[in-house]
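Overview (structure and organization)
The chain contents come next:
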Amino acid sequence: MWLHCLAALASVLAAQGAAAQYPVRPIALVAAFAAGGDSDLSARNLGQAAQKYLNGRPLVVINRVGASGAIGSMAVRNATPDGYTLLVARIASHAILPAIDTRTPYKWNDFTILSLLELNPYVCVVKSDSSMKSMQELVAFMKANPGKLNFSTSGIGTIQNFGPQYLLTLAGLTKDHAVGIHYKSGGEVTTALLGGQVHFACNNLPTMLPHVKAGAFRPLMVTTPQRLSEIPDVPTSRDLGWPAMERITGWSALLGPPRMEKQAVTKWLEVLARLANDPDWLGGNAKLGSLPAIRSPAETERFMREQYELYEKLAVSLGIRE
């Protein structure tokens with residue numbers, strides 16, 4: 001009997017030792033979008049803060065760009081599941097793209113889900129010299145003048161497009177009450193509004209905040225449950241009677257390849273729990289204008305499912321699901 005107990009104890013100790021050893025080499029942290037974008041910034045903030053909890057092993061950020069995040073996502077999906085290749089997934093790659101394009105070569109949950117990382121507050125703005133002083137005025141004008149106002153997006157299947165379209169739905173308007181003008185990138189979304197080519201734009205706060213602080217943009221609404229300390233006078237969508245707009249938010253999540261090895265999963269859950277209170281990681285989020293959102297794998301999976309289902313319904317209602 002004691003031999004069986006000794007064998008069981010040895011097995012437990014061996015497993016603990018293996019978990020303690022991971023990682024023994026650098027970890028590739030794939031950002032599926034370009035350098036300087038939300039996924040890249042999230043990955044670098046994570047890598048800098050998490051290294052001290054990973055035996056000092058560096059996390060090397062690799063930008064695998066293309067196909068709305070599908071190229072980088074597939075690189076991780078097909079990687080060896082040993083925990084040395086991870087993905088910073090974005091709303092674009094794991095909610096919007098699979099929701100609007102049935103040809104996407106992976107499903108949103110074809111990965112080992114570790115945790116949500118952060119939320120990016122979503123804000124709607126006009127130029128500071130616009131006659132529109134509030135979101136109520138903007139919506140009222142669109143209602144009275146269908147198709148007269150336009151907004152900038154970086155494509156049909158992007159959060160810059162879905163946000164205004166969802167707002168129109170909640171306000172009892174149709175997709176034809178405002179016209180989306182599609183540009184090539186998030187940077188062009190901002191430039192178009194700065195240049196007066198469009199009337200308003202909605203995007204993640206980190207992209208818009210510098211222009212708000214510079215006085216170029218007037219923010220009309222944020223979609224966070226509470227007002228933001230950076231722009232405390234700006235009402236939330238809940239304040240304005242559209243609480244469902246809180247579902248429109250940017251986010252990043254940490255994922256691994258399918259069936260990722262248990263020792264690596266265990267280690268990362270430990271690291272993420274520490275990051276939730278880590279001043280370096282929290283400070284990095286504050287600088288980026290992001291809200292820390294570490295959650296359990298089950299909570300993260302539920303959140304991602306809800307996001308996927310939201311954009312699937314929007315894509316169908318807008319007639320853009322392929």
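Structure shown above.
To keep things clear, this report deals only with the structure shown in the data block. (Residues numbered from 1 in each chain as written. Predicted model: local features only at pLDDT ≥ 70, side-chain atom pairs only at ≥ 80, totals over all residues. Heavy atoms only, no water.)

Some thoughts on the layout of surface pockets
In this structure, the largest pocket occupies an estimated 980 Å³ of space. Considering the residues around the largest pocket, the lining is formed by 40 residues, among which Phe 33, Ala 92, Ser 154, Gln 160 and Gly 186 are closest to the centre. Within the residue set of the lining of the largest pocket, elements represented by two or more residues are helix H2 (38-50), helix H4 (91-100), helix H6 (159-170), helix H7 (186-194), strand S8 (201-204), helix H8 (205-213) and helix H10 (279-288). For the lining of the largest pocket, the element with the most residues is H4, which contributes five residues. Partitioned by chemical class, the residues of the lining of the largest pocket number 18 nonpolar, 16 polar and six charged. In this structure, the second largest pocket spans a volume of roughly 220 Å³. Taken together, Leu 119, Thr 223, Thr 224, Pro 225, Glu 246, Arg 247, Thr 249, Leu 291, Arg 295, Phe 303, Glu 306 and Gln 307 form the lining of the second largest pocket. Residues of the lining of the second largest pocket, tallied by class, amount to four nonpolar, four polar and four charged. (1 Å grid on protein atoms, 1.4 Å probe; cavity = no way out; pocket = protein on both sides within 12 Å on 5 of 7 lines; lining within 4 Å. Points joined across faces, edges and corners; volume = space filled by probe spheres on them. Helix = DSSP H or I, 4+ residues; strand = E, 2+ residues; numbered from the N terminus. Nonpolar A, V, L, I, M, F, W, Y, C, P; charged D, E, K, R; others polar.)

Describing the pairing of strand S7 (residues 178-182)
In the sheet, strand S6 (residues 149-153) pairs with S7 via five bridges, with the strands oriented parallel. Of the residues in S7, the one forming a bridge with Phe 151 is Gly 180. Handedness of the crossover is the feature at issue here: the chain leaves S6, passes through H6, returns alongside S7, and the resulting connection is right-handed. (Pairing = 2+ DSSP bridges. Right-handed = clockwise from strand over helix to strand, strands pointing away.)

Quick notes on the state of the cysteines
Across all of its chains, the model carries one disulfide by this definition. Put simply, Cys 124 and Cys 202 are joined by a disulfide, and their sulfur atoms are 2.1 Å apart. Its S-S torsion of approximately 105° makes the covalent link between Cys 124 and Cys 202 right-handed. Here the residue Cys 124 occupies a position in strand S5 (residues 122-127), and Cys 202 occupies one in strand S8, the gap between them amounting to 78 residues. Look at Cys 202 and you get buried, because its relative accessible area is 0%. (Disulfide = S-S within 2.5 Å. Buried < 20%, exposed > 50% of the residue type's maximum accessible area, 1.4 Å probe, protein only.)

Side note on the nonpolar core
When a protein is soluble and globular, its nonpolar side chains tend to lie buried together. Grouped together as the largest cluster of nonpolar side chains are 57 residues, with contacts concentrated most on Met 135, Met 142, Phe 162, Phe 200, Trp 251 and Tyr 311. Ile 27, Leu 54, Leu 86 and Ala 264 belong to the second largest nonpolar core, which has 26 residues in total. (Core = buried A, V, L, I, M, F, W, Y, C linked by side-chain atoms within 4.5 Å.)

What to know about H6
Here H6 spans 16 Å end to end across 12 residues, near enough to the 16 Å set by a 1.5 Å rise per residue. With 10 of its 12 residues buried, H6 lies for the most part within the structure. Ile 159, Gln 160, Asn 161, Phe 162, Gly 163, Pro 164, Gln 165, Tyr 166, Leu 167 and Leu 168 are the residues of H6 that are buried. Phi turns positive, to about 80°, at Gly 172, one or two residues after H6. (Expected span 1.5 Å × (residues − 1).)

Focus: the sheet that holds strand S10 (residues 250-256)
With mixed pairing, the six strands of this open sheet are ordered in space as S2-S1-S3-S10-S4-S11. Looking along the sheet, the strands with just one partner apiece sit at the ends: strand S2 (59-63) and strand S11 (291-292). Two strands pair when backbone bridges link them, and strand S3 (residues 85-90) and S10 are joined in this way by four bridges, in the antiparallel orientation. Each bridged residue has a counterpart across the sheet, and for Ala 89 the counterpart in S10 is Ala 253. Contacting S3 and S10, H4 crosses the sheet at an angle of about 60° to S3. Its contacts with the sheet place helix H11 (residues 297-318) against strand S4 (112-120) and S10, and it is angled at close to 65° to S4. (Contact = heavy atoms within 4.5 Å. Axes fitted to C-alpha atoms, helices over the stretch in contact; angles between N-to-C directions.)

Considerations on the packing of aromatic side chains
Evaluated as defined, the whole model comprises six aromatic pairs. For the pair Tyr 22 and Tyr 84, a centre-to-centre distance of 5.2 Å together with 65° between the ring planes defines the contact as edge-to-face. Of this pair, Tyr 22 sits in the loop between helix H1 (2-21) and strand S1 (27-31) while Tyr 84 sits in the loop between helix H3 (70-77) and S3, and the two are 62 residues apart along the sequence. Look at Tyr 84 and you get buried, because its relative accessible area is 10%. For the pair Trp 108 and Tyr 308, a centre-to-centre distance of 6.4 Å together with 25° between the ring planes defines the contact as stacked. Highlighted residues: Trp 108 in the loop between H4 and S4 and Tyr 308 in helix H11, separated in sequence by 200 residues. For the pair Trp 108 and Tyr 308, one class covers both residues: buried. Positioned over the ring face of Tyr 84 is Arg 25, at 3.7 Å from the centre of the ring. (Phe/Tyr/Trp six-rings, centres within 6.5 Å; stacked < 30°, edge-to-face > 60°. Lys NZ or Arg CZ within 6 Å of the ring centre and 35° of its normal.)

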